[in-house]
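Fold and contact review
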Amino acid sequence: MKNLKKIIYIVLLTVVSSCIFDKKHKNVDPFYTKKIYLDFQVLPLAKPIFMHYDKSYNEWFFEIPEFFKNKLYLENLKEIGIDNVYIYGKTNKRKRNLTNYKEGEFVYANKYSGISISKDLSKLEGELQIFPIDSTKSVFIEPERWFVINVSDNIIDAFFSKKKYDNYLKRKDISGKMYEIEKYHKEYRETGILPWFPDNIKEKLKK
């Protein structure tokens, strides 16, 4: 009985808290006010994309919704760029131990994400062949990649070349400004506002 009362109390408290919060920002899209999703702390980027914090790995990551043209999974990010409808940045190099790799096979890094192993020398568009770096021939370096996500058109572009990335930003008139994730997550928790939010949203959140 005590447990039932406790559950009812928690549910009522959640509903009341939600109502108060919704009333305070009833004219604001909930995308800009969400701070927790499931068990993850979140940071709104450009709608509909959030960053999520996985405390078990102490990493920030985000996934691209299914309706985007290409898939992209990003993890262990320290900073992110946002300019209007564009989200952009870089993934760092990292070692990958491919225990299922056999000598004579071909390994390819995809510019969007992931590594594939093939018995054939058949590099596809958007792939870069990589080679083992150790004596056991099982350790590979996944190369750094640059990406730009256009949330208005559901399009992702990715590059193994920084020069191509920089040219893309220039061509699209994207500022290239980067934000330190931990710093701005703290600001978001304290103020509920982020510098990349649209001006009309920031004005409503200040009230």
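Attention here is on the structure that accompanies the text. (Residues numbered from 1 in each chain as written. Predicted model: local features only at pLDDT ≥ 70, side-chain atom pairs only at ≥ 80, totals over all residues. Heavy atoms only, no water.)

The subject of this paragraph is the sheet that holds strand β10 (residues 115–118). Strand order in the open sheet formed by three strands is β10-β9-β11, with antiparallel pairing between adjacent strands. Two strands bound the open sheet, and with one partner strand each, they are β10 and β11 (127–130). Each strand of the sheet is rotated relative to its neighbour by a mean of 35 degrees, with strand direction disregarded. The sheet contact formed by strand β9 (residues 106–110) and β10 spans four bridges and is antiparallel. Bridging from a neighbouring strand, alanine 109 pairs with isoleucine 115 of β10. (Pairing = 2+ DSSP bridges. Helix = DSSP H or I, 4+ residues; strand = E, 2+ residues; numbered from the N terminus. Axes fitted to C-alpha atoms, helices over the stretch in contact; angles between N-to-C directions.)

Now for the environment of tyrosine 57. Following the sequence through the fold, tyrosine 57 ends up in the loop between β3 (50–54) and β4 (59–63). When the C-alpha atoms of tyrosine 57 and asparagine 76 are compared, they prove to be 8.9 Å apart, with 19 residues separating the residues in sequence.

What follows covers the sheet that holds β4. Strand order across the open sheet formed by five strands is β1-β2-β3-β4-β5, with antiparallel pairing between neighbours. The outermost strands of the open sheet, each flanked by one partner alone, are β1 (36–37) and β5 (73–75). As judged from the three bridges shared by β4 and β5, these two strands associate in the antiparallel manner. Bridge pairing in β5 links phenylalanine 62 to leucine 74. Its contacts with the sheet place helix α3 (residues 181–191) against β1, β2 (40–44), β3 and β4, and it is angled at close to 95 degrees to β2. (Contact = heavy atoms within 4.5 Å.)

A few words now on the pattern of salt bridges. All chains considered together, the criterion is met by twelve salt bridges. Residue glutamate 103 is joined to lysine 137 by a salt bridge in which the shortest nitrogen-to-oxygen separation is 2.8 Å. Of the two residues, glutamate 103 is situated in the loop between β8 (94–97) and β9 and lysine 137 in the loop between β11 and β12 (139–142); the sequence distance between them amounts to 34 residues. Glutamate 103 sits in the exposed class, given a relative accessible area of 63%. For lysine 137, a relative accessible area of 36% corresponds to the partly exposed category. Linking lysine 202 and aspartate 199 is a salt bridge whose minimum nitrogen-to-oxygen distance equals 3.6 Å. Within this pair, lysine 202 and its partner aspartate 199 are both found in helix α4 (residues 199–206), separated by three residues, close to a single helical turn. Note on aspartate 199: relative accessible area 58%, which makes it exposed. Salt bridges linked by common partners bring Glu75, Arg94, Arg96, Glu142 and Arg145 together as one network. (Salt bridge = Lys/Arg side-chain N within 4 Å of Asp/Glu carboxyl O. Buried < 20%, exposed > 50% of the residue type's maximum accessible area, 1.4 Å probe, protein only.)

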